[in-house]
Amino acid sequence: MMREEEMDSLSEKFKKRRRNHRVLNKGALKETNIEEKTERGVFTTNLLDDHGLLEETKANTTEKIKENAYAINLFDDDDVLKKLKVVDQQKDAKELQLCLREMKSIGGEFLLVPQPQGYEEVLNGLLNKYPHFNNVIEFLRQRIRLNGLREYPALDFGGAILLDGPAGCGKTSFLTELSQSFNTEFASISCATATNNFDISGLSGGWSNGRAGQIHDLLINSGCPNPIFLLDEIDKTNDEGKNNFVGSLYGLLEKNNAKMFQDEYVGVKMDASRINWFATSNDVSVLNAPLRDRFEVISVEAPDENHISQIIPQIYKETVIEMGVQNSFSTVLKKDVLNKLLSFNGISIRRIQSVLKTGLANATVRVKKGGAKVFLKASDIPNQQSSKPKQRIGFIH
């Protein structure tokens, strides 16, 4: 197995390549007998130093082997050329021509995101931030350990996973951070608003509003074959009608079928089997059996007071940094502010961040240019409004 520092270095290298939409160099290894700039810096190999030249060549060969172990053909270059040849003869197909030419330029060989050796530390960090996700994190830990037995493990959570729990408990936030922590790409689609399969698998160019779907856009534009894709609020999907959204999911959630995925607009087969599928729901019981059976369902409980007391200070720190006001505000949350937030009845994680932003806005009057950092006060936090309807003032008829 690869050493941890090798895996981390390779992971960072792949991340850079995804950003630049680059693929593997299919040519022979370059000779290293001249001064070159590489991602590791500038090095010089002495022409007379046969041993040094050999060691450098060995290092490059080893690195090439590692890269090849994570390389997959996302699509066949010949298929793209054939399709482009047909489309070039069509009128009003400019957008599709551009799409195919981009695929031709990129090439079909992509690099999978490696599974990091330091995944235990990553998961422990997530557990500190999301203590109420303990059962989810332990499930992922077991799956990742199994996957890590491979010589060159790519990031793979072992199948589609559905997180079922109350609204506002942090499911979407957790999955977003999971993707960031594992250096992979992230995309999501709201199942509540997705009304047909066009959103995910494209609309044929035969229609005036034909377009590629989100799967194609994610894989091609990100350059990442194994991203995390979230089906948010999957229990709110519409499974009625000929082109319903759910119908497009059945094949994508089966790896053998997903290997031959074809966007309706682009018309070129792609390997979508490496996507790490996640879904969220508030009530998994409403899902039809064929869809539910394609997921490993894990229940997520709403955080209790102990969990919330751990989560709030972290949310506050992230909110300050996210807003870019860490030079004006301390990222430390004082005890009295925490206690006030804990006194709120039934406040969700989603709502906490909104309340904290309001508190920061209220505290802005105390910020002085060049002055000391301001601490948030309990008085900055708005009082919780009663859920009881207020009595309207007026005449009784």
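Look a little higher up for the structure.
Residues numbered from 1 in each chain as written. Predicted model: local features only at pLDDT ≥ 70, side-chain atom pairs only at ≥ 80, totals over all residues. Heavy atoms only, no water.

K.L.:
Is there a simple way to explain the overall build of the protein in this structure?
P.N.:
Secondary structure summary: the protein contains 15 helices and eleven strands in total. Per-residue burial for the protein yields a buried fraction of 43% across its 397 residues. Once local pairs closer than 6 in sequence are excluded, the contacts in the protein between residues at least 24 apart make up 75%. Per element, the accessible surface of the protein, about 21900 Å² overall, is 48% carbon and sulfur. (Helix = DSSP H or I, 4+ residues; strand = E, 2+ residues; numbered from the N terminus. Buried < 20%, exposed > 50% of the residue type's maximum accessible area, 1.4 Å probe, protein only. Contact = heavy atoms within 4.5 Å. Areas by Shrake-Rupley, 256 points an atom, 1.4 Å probe, with all protein chains shown as cover.)

K.L.:
For this particular structure, what's the right way to read the pattern of salt bridges?
P.N.:
Note on pairing: side chains with opposite charge can pair once their charged atoms come close. The full count for this structure, using the stated rule, is twelve salt bridges. The partner of Glu 120 in a salt bridge is Arg 145, and the shortest N-O contact between them spans 3.0 Å. A residue pair is termed long-range when its members are at least 10 positions apart, and Glu 120 in helix H5 (residues 119-129) and Arg 145 in helix H6 (residues 134-147) qualify at 25 residues. Judged by relative accessible area, Glu 120 falls into the partly exposed class, the value being 26%. Residues participating in the shared-partner salt-bridge network are Glu 120, Glu 138, Arg 141 and Arg 145. (Salt bridge = Lys/Arg side-chain N within 4 Å of Asp/Glu carboxyl O.)

K.L.:
What am I meant to see in the packing of helix H13 (residues 305-322) against helix H14 (residues 335-342) here?
P.N.:
Each pair of packed helices gets described by two things: the angle between the helix axes and the distance between those axes. Running from N to C, H13 and H14 cross one another at 130°; their axes reach a closest spacing of 10 Å. By the angle between their axes, H13 is oblique relative to H14. Seen from above, H13 lies across H14 with right-handed handedness. Every residue of H14 that contacts H13 at Glu 305, Ile 308, Ser 309, Ile 312 and Pro 313 is listed here: Leu 338, Leu 341 and Leu 342. (Axes fitted to C-alpha atoms, helices over the stretch in contact; angles between N-to-C directions. Parallel < 35°, antiparallel > 145°, perpendicular 65-115°, else oblique. Left-handed = near helix turned anticlockwise from the far one by under 90°.)

K.L.:
Any chance you could explain the pairing of strand E7 (residues 228-232) here in plain terms?
P.N.:
Consecutive residues of a regular strand have side chains that alternate between opposite faces of the sheet. Burial of E7 is extensive: four of the five residues sit out of reach of the surface. Examined bridge by bridge, strand E6 (residues 186-190) and E7 share five bridges and lie parallel to one another. Its bridge partner lying in E7, Ala 187 is registered against Phe 229. The pairing of E7 with strand E10 (residues 276-281) spans four bridges and is parallel. Bridge pairing in E10 links Ile 228 to Asn 276. (Pairing = 2+ DSSP bridges.)

K.L.:
What's the story with unusual backbone geometry in this structure? I'm lost.
P.N.:
Leaving glycine out, the prevailing phi sign among residues is negative, and the prevailing peptide bond configuration is trans. Unusually for a residue other than glycine, Asn 183 sits at a positive phi of about 55°. Locating Asn 183 in the fold gives a position in the loop between helix H7 (171-181) and E6. Among the residues examined, Asn 183 registers a relative accessible area of 23% and is labelled partly exposed.

K.L.:
Where do I start with the nonpolar core in this structure?
P.N.:
Within soluble globular proteins, side chains that are nonpolar generally end up buried alongside one another. In this structure, Ile 215, Phe 229, Leu 231, Ile 234 and Trp 277 are the most contacted members of the largest nonpolar core, which totals 46 residues. Counting only elements with at least two residues in this core, the list comes to helix H3 (77-87), helix H4 (94-106), E6, helix H9 (214-222), E7, helix H10 (245-252) and E10. The element that contributes the greatest number of residues to this core is H4, accounting for five residues. In contact with Ile 215, not counting residues within four places along its chain, are Ile 200, Phe 229, Leu 252, Phe 261, Ala 272, Ile 275 and Trp 277. (Core = buried A, V, L, I, M, F, W, Y, C linked by side-chain atoms within 4.5 Å.)

K.L.:
Could you clarify how one ought to interpret the pairing of strand E5 (residues 161-164) in this entry?
P.N.:
Of the two faces of E5, the one lined by Ile 161 and Leu 163 and the one lined by Leu 162 and Asp 164 are each fully buried. Bridge analysis of E5 against strand E11 (residues 296-299) gives four bridges, and the strand direction is parallel. When the sheet's bridge partners are listed, Ile 161 is paired in E11 with Glu 296.

K.L.:
Any chance you could explain the side chain of Gln 97 here in plain terms?
P.N.:
One can find Gln 97 in helix H4. If we skip the residues at most four places from it in the chain, Gln 97 touches Leu 84, Val 87, Asp 88 and Gln 90.

K.L.:
When you look at the side chain of Asn 276 in this model, what are you seeing that I'm missing?
P.N.:
Here Asn 276 is to be found in strand E10. Within the local environment of Asn 276, its side chain forms a polar contact with the backbone oxygen of Asn 226, the two atoms lying 3.3 Å apart. Once you skip the residues sitting within four places of it in the chain, Asn 276 turns out to touch Leu 155, Asp 156, Phe 157, Asn 226, Pro 227, Ile 228 and Phe 229. (Polar contact = N/O pair within 3.5 Å; in protein donor to acceptor, adjacent residues only side chain to side chain.)

Remember that the coordinates give geometry; whether it matters functionally is a separate question.
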